[in-house]
Structure formats: C-alpha cells, structure tokens
Amino acid sequence: MLIGYFIIISIVGFILMGIDKKRSQKGQWRVPEIRFWTIGLLGGGIGLYMGMKTYHHKTKHKTFTIGMPVVILINLLCYGYAVYVLK
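Rules and cut-offs
- Residues numbered from 1 in each chain as written.
- Predicted model: local features only at pLDDT ≥ 70, side-chain atom pairs only at ≥ 80, totals over all residues.
- Heavy atoms only, no water.
- Axes fitted to C-alpha atoms, helices over the stretch in contact; angles between N-to-C directions.
- Helix = DSSP H or I, 4+ residues; strand = E, 2+ residues; numbered from the N terminus.
- Parallel < 35°, antiparallel > 145°, perpendicular 65-115°, else oblique.
- Contact = heavy atoms within 4.5 Å.
- Nonpolar A, V, L, I, M, F, W, Y, C, P; charged D, E, K, R; others polar.
- Expected span 1.5 Å × (residues − 1).
- Bend = angle between axes of the 7 residues up to and from the residue.
- Buried < 20%, exposed > 50% of the residue type's maximum accessible area, 1.4 Å probe, protein only.
- Polar contact = N/O pair within 3.5 Å; in protein donor to acceptor, adjacent residues only side chain to side chain.
- Salt bridge = Lys/Arg side-chain N within 4 Å of Asp/Glu carboxyl O.

As a further point, take the packing of helix α2 (residues 33-55) against helix α3 (residues 62-85). When two helices pack together, their arrangement is given by the angle between their axes and by how far apart the axes lie. At a minimum axis distance of 9 Å, the contact between α2 and α3 shows a crossing angle of 95°. Put simply, α2 runs roughly perpendicular to α3. Of α3, the residues touching α2 (which contributes E33, F36, W37, G40, L41, G43, G44, G45, I46, L48, Y49 and M52) are T63, F64, T65, G67, M68, P69, V71, I72 and N75. For the contact of α2 with α3, a count of residues per class yields 12 nonpolar, 8 polar and 1 charged.

Next comes the structure, spelled out in structure tokens:
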C-alpha cells in the first residue's frame, strides 16, 4: 500500500510539473512553488524530478536542481524507515 502511495503522489507531481510548464508558456496563473515542495516532501520527489527533466521546467532554479534530489533522498530514507524499522 505504501508503494502505491509513492507511485500516485509521484504521478501527481509529474503531471503538476507539466501543467505548470504549459501555463508558464501561455502566461497564465502558475502553480505556487510551495505546492511543488509540499508534494515533494510528501513523497512525490521522484515524479517532480522526472517532470523537471521531461518538460525542461524549473531547471534553472538551483533550489529545484539541488533541492529536489535532496528531497528524493529524504523520501527514500523515510520509505526505508517505514518498511524496515516499523514493519
């Protein structure tokens, strides 16, 4: 069940990154960056990072290019803790 959660939240992050890229190209309302960070910290870091690379979005922001891999590491550590320690 936990793996399913991480997959779903990552898909949400990936889609949200694509939506924000389209909106930025059209000059429309943008997704607040805090929403990306929240999704990342809730386990969607991999999806957000894949979205960054796929859509070439937020790649000039050092906070994202450095911060998102750190968030992914935190996600993996939390997942490992939940699976192996909490059993």
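Picking up where we left off.
Turning to α2, a few remarks are in order. With 23 residues, α2 should reach 33 Å at 1.5 Å per residue; the first-to-last C-alpha distance of 16 Å falls well below that figure. The largest bend in α2 amounts to roughly 125° and is located at G44. The inward-facing, buried residues of α2 abut α1 (2-26) and α3. H56 sits one or two positions beyond α2 and adopts a positive phi of about 50°.

Next up on the list: the environment of G44. Checked against the element boundaries, G44 lands in helix α2. C-alpha separation for the pair G44 and S24, spaced 20 residues apart in sequence, amounts to 21 Å. Not counting chain neighbours up to four residues away, the residues in contact with G44 comprise I9, S10, I39 and N75.

With respect to the helices, strands and loops of the structure, D20 is situated in helix α1. D20 sits in the buried class, given a relative accessible area of 0%. Here R30 takes part through its side chain, which lies 3.0 Å from a polar atom of the side chain of D20. Among the polar contacts made by the side chain of D20, one reaches the main-chain amide nitrogen of V31 at a distance of 2.9 Å. Excluding residues that lie within four positions of it along the chain, D20 makes contacts with R30, V31, F36, H57 and K58.

Glancing now at the pattern of salt bridges. A side chain of one charge can pair with a side chain of the opposite charge when the charged atoms of the two come close. With the rule as written, the count across this model stands at 3 salt bridges. Note that D20 and K58 form a salt bridge whose closest N and O atoms lie 4.0 Å from each other. One end of the pair, D20, is in helix α1; the other, K58, is in the loop between α2 and α3, with 38 residues separating them in the sequence. A salt bridge links E33 to K58, with the shortest nitrogen-to-oxygen separation between them at 3.2 Å. Here K58 lies in the loop between α2 and α3 and E33 lies in helix α2, a separation of 25 residues in the sequence. Assessed through its relative accessible area of 7%, K58 is described here as buried.

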